Amino acid sequence: VEIEVKADGSTEVTKHYAMGRSANELSLVMPDEKTVYITDDGTNTALLMYVAEDKKGRDLPRGDLSQGTLYAGVWVQTADTAEGGSATLEWINLGHATADDIKQAVDSGLSFDELFDYETPNADGTCPTLESINSGHGGPYHECLSIKGDESIVSRLESRRFAALKGATTEFRKMEGASYDKAGRILYMAMSEVGKGMTDGDPALDLGGPNHIRLTANKCGAIYALPVRNGVKDSDGKRINSKYVATKMEGILAGVPQDADENGNNGCSLEGIGNPDN
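Predicted model only: the values in this text are computed from it and were never measured.

Cut-off values and rules
Residues numbered from 1 in each chain as written. Predicted model: local features only at pLDDT ≥ 70, side-chain atom pairs only at ≥ 80, totals over all residues. Heavy atoms only, no water. Buried < 20%, exposed > 50% of the residue type's maximum accessible area, 1.4 Å probe, protein only. Helix = DSSP H or I, 4+ residues; strand = E, 2+ residues; numbered from the N terminus. Pairing = 2+ DSSP bridges. Disulfide = S-S within 2.5 Å. Salt bridge = Lys/Arg side-chain N within 4 Å of Asp/Glu carboxyl O. Patch = residues over 30% accessible without salt bridge, like charges linked within 9 Å, V, L, I, M, F, W, Y side chains within 5 Å. Areas by Shrake-Rupley, 256 points an atom, 1.4 Å probe, with all protein chains shown as cover. Contact = heavy atoms within 4.5 Å. Axes fitted to C-alpha atoms, helices over the stretch in contact; angles between N-to-C directions.

J.: Hey, could you run me through the pairing of strand β6 (residues 47–52) in this one?
T.: Walk down a regular strand and you will see the side chains alternate between the two sheet faces. Summarising burial for β6: six of the six residues are buried, a large majority. Side-chain alternation along β6 places L47, M49 and V51 on one buried face and L48, Y50 and A52 on a second face that is also buried. With five bridges joining them, strand β4 (residues 35–40) and β6 adopt antiparallel strand pairing. The residue bridging T39 from the neighbouring strand is L47, located in β6. By the bridge criterion, five bridges tie β6 to strand β7 (residues 67–79) in an arrangement that is antiparallel. Paired with A52 across the strands is G68, a residue of β7.

J.: Is there a simple way to think about the state of the cysteines in this case?
T.: Chemically, a disulfide is nothing more than a covalent bond linking the sulfur atoms of two cysteines. Applying the stated rule across the entire model yields two disulfides. With its sulfur 2.0 Å from that of its partner, C127 forms a disulfide with C144. Disulfide C127-C144: the torsion about the S-S bond is -90°, which places it as left-handed. Placement of the pair is C127 in the loop between β9 (116–119) and β10 (131–134) and C144 in strand β11 (residues 142–147), with a sequence separation of 17 residues. Each member of the pair, C127 as well as C144, carries the same accessibility label: buried. In the chain, the bonded cysteines, taken in the order they occur along the sequence, pair up as 1-2, 3-4.

J.: For this particular structure, what's the right way to read the pattern of salt bridges?
T.: Side chains that carry opposite charge are capable of pairing whenever their charged atoms lie near each other. This structure, assessed with the given rule, holds 14 salt bridges. Between K6 and E12 there is a salt bridge whose closest N-O contact spans 3.2 Å. Between R21 and E158 there is a salt bridge whose closest N-O contact spans 3.5 Å. Here the residue R21 occupies a position in the loop between β2 (11–14) and β3 (24–29), and E158 occupies one in the loop between α3 (151–157) and α4 (159–165), the gap between them amounting to 137 residues. One network of salt bridges, in which partners are shared, links R21, E143, E158 and R161.

J.: Whenever I open this one, a nonpolar patch on the surface confuses me. Can you help?
T.: Side chains of V1, I3, V5 and V13 sit close together on the surface and give an oily, nonpolar patch of about 420 Å² of accessible area. Note on placement: V13 falls in strand β2. Since its relative accessible area comes to 53%, V13 is described here as exposed.

J.: Looking at this structure, I do not really get the side chain of K34. What am I missing?
T.: Structurally, K34 is set in the loop between β3 and β4. In this view, K34 contacts Y50, V51, A52, D59, L65, N241 and S242; residues no more than four positions away in its chain are not counted.

J.: Help me out: how do you make sense of the sheet that holds β11 in this one?
T.: Strand order in the open sheet made by the three strands is β9-β11-β10, with antiparallel pairing throughout. A single partner strand is all that each edge strand has here, and the edge strands are β9 and β10. Strand-to-strand twist across the sheet, computed as the mean angle between neighbouring axes with direction ignored, equals 45°. The pairing of β9 with β11 spans four bridges and is antiparallel. Bridging from a neighbouring strand, Y118 pairs with L145 of β11.

Everything listed here is a matter of geometry and, on its own, says nothing about what the molecule does.
In structure tokens:
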């Protein structure tokens, strides 16, 4: 949702349906006014990137987000460090969509059963016949699904589940805001807590999923640096139409857990950060 506040104090609200659906903490528009990083706040969430363009990959007028391609990140872990670990990032193309098409689908009253086939998971984390993912909303997180509806519609109405079915990472925890340093060309992003699906082998939150993120838990959270560059290709080998594509995600600062005081407060050292947000 974008809110424009006009000079006379009136407002105009625009819902950007083509950008997908998530537990949206923040959508950070990059300097090109077409690349948008979408932080998905919750448990077992995804890192999404949207590039505004037409169906043939041509640029739209600056600031026009009415149609475009949605991408989901893949965390390829390189280290588990005290600062929050590090990974290279790959991007899976979730397809192109227009706001008009998605709004029409929403207004039609589509049900979940029109988007997916579903079956009950096995207790061991496998599925009888369908694909196994661990990105459900609110739990139970392990689901057995296959896409039944139009993929361009499913990708926007159920972006997290769709991303998981396509192989993206849906294990982030409490993904908060993001900021961009133009001089250094680095995107900064906060995780209020490194826990649950971001740890290794959580009995519920890694069950049935790929377990891409395997970090040591840190209840105090961490801040990550994501350098961006031009000329990056997606997982299909197609060039992403943006100069602001993150290729790494490296923890640079983390809180230090400690025993809480007698009132149950200050479980993170006051000499460092604690649960960074926004």
